[in-house]
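Chain by chain, the residues run as shown.
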Amino acid sequence: MASRKDVQDIMGLSAGETTKSAVQKRPKPALQKKLLGVNREVAALYGERPPPVAIYEEKKSYRAKRQSTGPAKKWIQQPFTNPSRSDGLILKHWRRKPLPRAPLDGSGDDTPMDDVENQDPQIETEYEFAKYNVQVEIPTYTDEEYDTHLRSDDWSREETDYLLEMVREFYYRWPLIYDRYDFQPSAKPEPQHSAASTTTNGAADSAAIKSDDTPSTSQSTEETSTALSTLPFAPPKTRSVEDLKARFYALSATLMSLRTPIPTMTPSEFSLHETLTRYDPHLETSRKR
């Protein structure tokens, strides 16, 4: 086995010379930054490449100590009125008591401050939550418009107004409107006959009426329809939700065309008008069935 001297003789080196390559220095391990807030065992699992984003808090932060701002503020029950209400009800809520302030009159003289302690709080007329009282838009009409364009033999003026009021109260929620719908006319219609029946002679009346004084079915139906078309009100009927929608949509479409003629409508208004006019209650009933 060759010794060190034999190797030096072969390479032509003296006994005291050594190459730098022969002596290999061991690289020093890179100093790793100590991770704070992480257990030593967990930090050892990271290896040479710790996560780029810190998943721990190096320092605990505490809230600043609450600063004392003096004695506790006084609170009062402030009366206020809600502009959304029409009954003028006065309510109360808690408010900070206002501090006394000296009036600014522009002069350098000392002026007495207002005695806020013994004064009764003034009633607030502005309520910050009144802006959320959003009312729905309901079509309106005049007497002339109703008599000319909106009159119906099946619907009276009183019931039509009742329907619009229900729609306004329940915000177009048709299941609620149908559930709460209970129209009761203010006066019951009196039996009226047409003028032609009163001007007929006695012989024609005796021939038309049966021996038991009972009118025929066709005659009673014709008289009833004539009476409903002439009276301003009609007896209450059982309305379905499709009937309510059909009446309201017909009113809205007619008033919409009166306010804005169809040639001058915008695309959105014309689309809405087409939707209102194409509503078919019988088709909707069969579809649900």
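An unreviewed UniProt entry lists the chain under the name SWR1-complex protein 4, with Glonium stellatum as the source organism. The UniProt entry for the chain carries this comment under Sequence similarities (unreviewed entry): "Belongs to the SWC4 family." Its UniProt record gives the chain a comment under Subcellular location (unreviewed entry), which states: "Nucleus".

(A) Local environment of the overall build of the chain. When you go through the chain residue by residue, the secondary structure sums to eleven helices and two strands. Of the regular secondary structure in the chain, the N- to C-terminal order runs α-α-β-β-α-α-α-α-α-α-α-α-α. Evaluated residue by residue, the chain yields a buried proportion of 19% over its 289 residues. Considering only intrachain contacts with a sequence separation of at least 6, the fraction spanning at least 24 residues in the chain is 57%. Summing over all exposed atoms, the chain offers an accessible surface of approximately 24100 Å²; the carbon and sulfur share of this is 54%.

(B) Summary view of the side chain of Thr-160. Within the secondary structure, Thr-160 sits in helix H4 (residues 157–169). For Thr-160, a relative accessible area of 0% puts it in the buried group. A polar contact of 2.7 Å, which involves the side chain of Thr-160, links it to the backbone oxygen of Ser-156. Not counting chain neighbours up to four residues away, the residues in contact with Thr-160 comprise Tyr-141, Tyr-146, Trp-155, Arg-247 and Leu-251.

Definitions and cut-offs
Residues numbered from 1 in each chain as written. Predicted model: local features only at pLDDT ≥ 70, side-chain atom pairs only at ≥ 80, totals over all residues. Heavy atoms only, no water. UniProt positions renumbered as here; feature names shortened; annotations may be inferred. Helix = DSSP H or I, 4+ residues; strand = E, 2+ residues; numbered from the N terminus. Buried < 20%, exposed > 50% of the residue type's maximum accessible area, 1.4 Å probe, protein only. Contact = heavy atoms within 4.5 Å. Areas by Shrake-Rupley, 256 points an atom, 1.4 Å probe, with all protein chains shown as cover. Polar contact = N/O pair within 3.5 Å; in protein donor to acceptor, adjacent residues only side chain to side chain.

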